[in-house]
Structures are given as C-alpha cells and as structure tokens.
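Working through the structure, step by step
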Amino acid sequence: MKIKSLRKLVFTWNYRIAFLICILMFLSLDSSAQNADADFFQSIGKIYVVVAVVVAIFIGLILFMWNLERRIKKLENQIGD
Amino acid sequence: MNQINNVWHLIVKDFNIEIRQRYILASILLYVISTVFIISKILQTVSPMLWNAIFWILFIFTAVNAMMKSFNQEISSRELYYYYLASPVEIIIAKFIYNFISLIIMGLLIFGSFIIFINNPIDHFAIFIVGIILGALGVSVVFTLVSAIASKGGNSATLMSVLSIPLILPIILFNLRITAMGLNILGSTTFVNDILMLLAIIIILVGVSLILFPQIWRT
Amino acid sequence: MKKNWWKFLAIILMLYVLILGFLMPLKPGIISVSPQSLNAGSQITLKVKTYNAKLEELKSADFRAWLLNDTSFAIAASKIAVLNAQTIDIDFEIPTYLTSDDKIVDYSLVIDAPKIGSFVLPASIIIKQDSINVSKGKDLWSKGNFKHLNHYEGFAIPFRNILYETLRNTYFHVSLWFSMFILYLVSVIYSIKFLRNKNQDFDTIGSSLVEVGTLFGVLGLITGSIWAKNTWGTYWTTDVKLNMAAVSMMIYAAYLILRSSIQDEDRKAIISSAYNIFAFFIIIPLIFVIPRLTDSLHPGNGGNPGFGGEDLDNTLRLVFYPAIIAFTLMGFWMSNLIIRYKKIKQKLSES
C-alpha cells in the first residue's frame, strides 16, 4: 500500500516535472535565442514574438489536455477496480 | 430594536472574551512592538514612502493574526447558544463592528509604536487618521467574511493568509494613497474622490457579505 | 450534431483568427532614420529604413517626403533615391531658421507614395538652430506644399512604432483577457444560481469555468510577458494592469486551494461559491478602477482603462472581436469537458 502510494506520488511528480521542463525549455528557447542571435525575435518586424505568443497559448492548451487526460485515466482505473 | 439589542450583546460578549483572555491582547501588543523594534534596528533611517509601506504591511499581517481566531473560538456550547438566539445577519454585523473597533485600536497601536521607535513623518495628521479608520473598516469587512470562509474550510491558519492577502489588496492600495497624502508624498487633490471610491467599494462588499454570510453560516 | 454547432463555430472562428491574424499585412512604416540630429541651414541626406513599403515596385520619382512639425509648416525633400527594398535616401535642404524660438526643435518625417499611402515617424528628427528668427522661419517652412496625400490601397493593420508586427498579439493576448473575464462572469452567475437552489450541477459548472478562466489568465500573463520582453525590454514591469492581473490570478489560485482543502462536497460547494462571488466583487475595482488612478504602459492609461478609440483600428476590430468570441467558446468547450469529467466522478463516488 505504501509502495503504491509512493509510486503514485512519483508519477504525479513526473507530470509536474514534465510541465516544468516544458516551461523551462520554452523560456530557454526564448533566452538562448536572445543571446545567440539577439536579432532573431526582433527580425522581420518582430513577427516571431507573435509566433512565440501563439506557441505559448498552444502549449497551454496541450497542458490542459494532458492534465485532463490524467484525471480521466484515474477514473478509468477506478472503474477497472 | 430587538436586532440592535442582539448585535450589542454579541459585541459585548466578544469584548468580554477578549478582556478575559488577556494573553491574546498581550500577544498582539508584543507582536507589534517587537516587529517595529526590529524594523527600526534594521532600517536606520526610514523615508516617508518606506514608512507608509511598512506601516500597511505590518497592519495587514497583524490583522491576519488577530482575525484568524475571529470565528474559531466560537466552538463551545455557550457560543452555540448565543448563535441559536441571534440571526446570521446580526452575527456578522456584530463581528464587523467588533473587528472594526479592534482594528482601529490595533492601527493606532502600530501608529504609536512607529512614532516612538522609528520617526514621525506625518504632515496632515487628520488625513492619516482618516486613512487608518478607513483601512480598519475595509480590512474588517474583507477579513470577517474571509475568516468565516477559512474557519469553515478546515485548516484555517494557512487558508486564512492565502485567501485574505490577495483579496485585501485593492482596499490597501486605496489606503496607501490616502495615507501617502497624509505623509505629503502625494498631492491631496484627489482626497475626497479616493475616499468616496473606497467607501463605494466597502459598501458593495458589506452588501455582498451580508447576503453571503447566512449561506456559509448554515453549513 | 445540432447541439454542437457552437464548437464548430469556435473552430471556424479560431481558424479565421489565426489565418487572417497572420496574413493581413501591416501598413508601411519607418523603422529608423539616420542621422537623427541636424543643424539648421545645412544640406543633409537622411538614410531611412522602411518596413513593408514594397520599395522595389515603385520608382524614385513616385515618392514625396516632408519634414514637418505641424501640418502647416513643412519642407519638401529635394531628392529621393530608392537604394534597395528596405532603404531609401532622402535629401533635405534645412532652412537657416526654424519655426519656434527654442534652440532645439523636433520634426517628423513623412513619406508618401501612390498605392502604399503616406507614413510618418513622429518626432524623429531633432534640428538645432544657432540664431532665432521665428517669422522668417515660418516663411521658409511654409513652402512644403504638404497636401494631396495618398491612401493605402487594400486591407492592412496600422503600423505602430516599436510594436511593428507584434500588434497582432492584440488578437491573442488581449482577447485572452477578455474571454477570461467573460468566463469568470459566467461562473459567478452559476455560483449565485447554486446558492439560490443548491443544485450541485451549478457548482460543478461554476468551478470548472473558474479553472479554465484561471488557465486563460495564466496564459495571458505568459504571453504578455513574452510581448513585454520584446517591446518594453523586460519580462515583468511595475505596470498597474500587469500587477492587478497577477493579483487576480492569486485570488483565483486561492479559490482552487480553498476547494482542494475542503473534503465534504456540500460544504465545499457552498463555501467556494460564496468565495467566488466575493472575489469577483473585489476583482472589479482591481481591473476597472485602480488602473484609472495611475499611469500605465498599456493602452488607455491615465483616466480610461478601456481599450478602443485610437488603439483599436477598424481592421483590427475585424479580427479582434471574433478572437474574443473564439477564445470564449473554446473556454466553454474546455470547461464542458471538465464538467463532464466531474459529473462522472460524482456518479462513481455515489455508486
């Protein structure tokens, strides 16, 4: 029982870490672009800023779906038991 | 007439409890004075702007500490009996008034210890006192309902601070402006306007909590 | 199928917003001018970097250019040469006297051509004068013949300095906030409905709407900070609207914490509904009153927290309003999924 709950904890943390890594990757993408090629986000009339914003919203929606899927999986397991 | 009587009795009951449990008052006093003492030791010289900010921060945290127990202590059967006699609206009005008075006293206490331990940058004394009174009014309105919610929500110590500090922000921002006028950081041309706006917000919140409190109380 | 028409509407509007939002061109504009400070009485060649001006399609003779500080005082360019697709050289003979009795005066550069219309870089050039003679200056500066300007042909969104293409973020960032507010408003209505007749379904709807609204708010903060990094230079500023938005996110995060801290379902529903209503009445001054009192970097500062008038061009409206509807419908759709999940969960726990 204890091991099972521990595993559960690790799994939920896996998701949280995945979420964090997603955010960090996104931020690092942004900041590394700033360092390596300072002009990338400023080029072509800053159009890539708009792209970054749309990608951020997209990632938000994906995370929402991921989270919902996890919750539904729990229900499925409950039905399975 | 009966309602006013009930409210009056509830307020008197609260003050009686407060006076009987003298350690609560003493602990708040000690909390305020020791914090102000630490601030005065850390910051050797305090500019008026910083003075204003620290004043309200200390005010909020003292208020959170004091309000936390506002509905928690009502567990014993005697208090249940009181509440059996009085309606929820009377209870919340009594709590408002009681919290308002105790917050004014607390505000003046903090104000006094600031003047003694730090310095006295006040230019317009009356404006500053109005700021404290309105702050006590706004904070008491918000914190009374939030402490009712938090006490029904289980572990109320953390819940209270999580719920109340973001909620108090709009009222504190207005108070910061009003007391900044008292400290002459800000011109006092919009004084009346700010006060009216703050009062409007408070009146709306009072109305909302009078409607909501009976719902919470029944659970 | 008939019941789901609004989901299709959401998809179609979303596609419309994405496609038109990206494809609608930006009007031409001036990105930079060098040199920026000139002396009165000199002859100068300005190197002007333009954006979207389609210079290769036009001849040098099509162009006209002026320096002006008021529509009545202007001088015309003496010679214009298109260098490549972005840059253009403009020669000016600056008169000896200026139109003001200050030593240093700001002038705006206006460029005009058929098809692409006229565009301006306001207060872009500083001219210094040694001797002052206002009446002579006014005489010299009135020979510009600043009239008969062309208009842009076709649909395009306005060119704004510093913002450039990021003006398109209006469709994504701003409409997210609008739809967040709509979601919160609807959730408050359901909370009130719940407190009136204690139907558990209403609480499920209200709390799901708050969850999605909070997601939208967080996305609004993230997209806003990406935008801010590239226009104001930092991810986070002390701007009022930004901080009030962050505080309202904190308030709703506290709502979610409150819900998870209560075990009993009935009590959870009643208390969180009460908190939701109370929080909404505190959010209103946060969003609509306090930004009026202080200056903001956001549009509509100093007196008017609204968003409109000069900030919202008709061509922007064409995409902006559908974007609000699209995001709101998406929000309803997302909360619908959560509602169904919660209902199944309730049924499972009952059986």
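Residues numbered from 1 in each chain as written. Chains lettered and ligands numbered in written order. Predicted model: local features only at pLDDT ≥ 70, side-chain atom pairs only at ≥ 80, totals over all residues.

1. Points about the overall build of chain C
- In terms of helices and strands, chain C carries seven helices and nine strands.
- Taken over C-alpha atoms, the radius of gyration comes to 27 Å for chain C, far larger than the 20 Å a tight globule of 351 residues would show.
- Considering only C-alpha atoms, chain C reaches an extent of 90 × 45 × 30 Å along its principal axes.
- Relative to its 351 residues, chain C shows a buried fraction of 41%.
- Contacts spanning at least 24 positions in sequence make up 74% of the contacts within chain C whose residues lie at least 6 apart. (Helix = DSSP H or I, 4+ residues; strand = E, 2+ residues; numbered from the N terminus. Rg over C-alpha atoms; globule rule 2.2 N^0.38 Å. Buried ≥ 20, exposed ≤ 12 C-beta atoms within 10 Å, placed from the backbone. Contact = placed C-beta atoms within 7 Å.)

2. A closer look at unusual backbone geometry
Residues and elements named next belong to chain C.
- Note that the residue after S34, namely P35, is joined by a cis bond; omega there is -5 degrees.
- You can see P35 is positioned in the loop between β1 (29-34) and β2 (37-39).
- A positive phi angle, close to 50 degrees, is found at Y164, a residue other than glycine.
- Topologically, Y164 is positioned in the loop between α2 (134-140) and α3 (169-197).
- Residue Y164 is classed as buried on the basis of its 23 C-beta neighbours within 10 Å.

3. Remarks on the packing of helix α2 (residues 43-80) of chain A against α3 of chain C
- Contact geometry for α2 of chain A and α3 of chain C: axes closest at 9 Å, N-to-C directions at 40 degrees. Classified by the interaxial angle, the pair formed by α2 of chain A and α3 of chain C is oblique. Handedness of the crossing formed by α2 of chain A with α3 of chain C: left-handed. The residues of α3 of chain C that touch α2 of chain A, namely those facing V49, V50, V53, V54 and I57 of chain A, are N169, F172 and H173 of chain C.
- Counted by class, the contact of α2 of chain A with α3 of chain C contains six nonpolar, two polar and no charged residues. (Axes fitted to C-alpha atoms, helices over the stretch in contact; angles between N-to-C directions. Parallel < 35°, antiparallel > 145°, perpendicular 65-115°, else oblique. Left-handed = near helix turned anticlockwise from the far one by under 90°. Nonpolar A, V, L, I, M, F, W, Y, C, P; charged D, E, K, R; others polar.)

4. Notes on the interface of chain B and chain C
- The interface is formed by 24 residues belonging to chain B together with 23 residues belonging to chain C.
- When residues of the side of chain B that touches chain C are traced back to their parent elements, those giving at least two are α6 (125-152), α7 (156-182) and α8 (191-218) of chain B.
- A total of nine residues in the side of chain B that touches chain C trace back to one element, the largest contributor, which is α8 of chain B.
- By residue class, the composition of the side of chain B that touches chain C is 17 nonpolar, six polar and one charged.

5. So, the environment of D266 of chain C
- By the element assignment, D266 of chain C lies in helix α6 (residues 265-293).
- Separated by 122 residues in sequence, D266 of chain C and G144 of chain C have C-alpha atoms that sit 77 Å apart.

Read these as layout, nothing more, since geometry by itself doesn't imply function.
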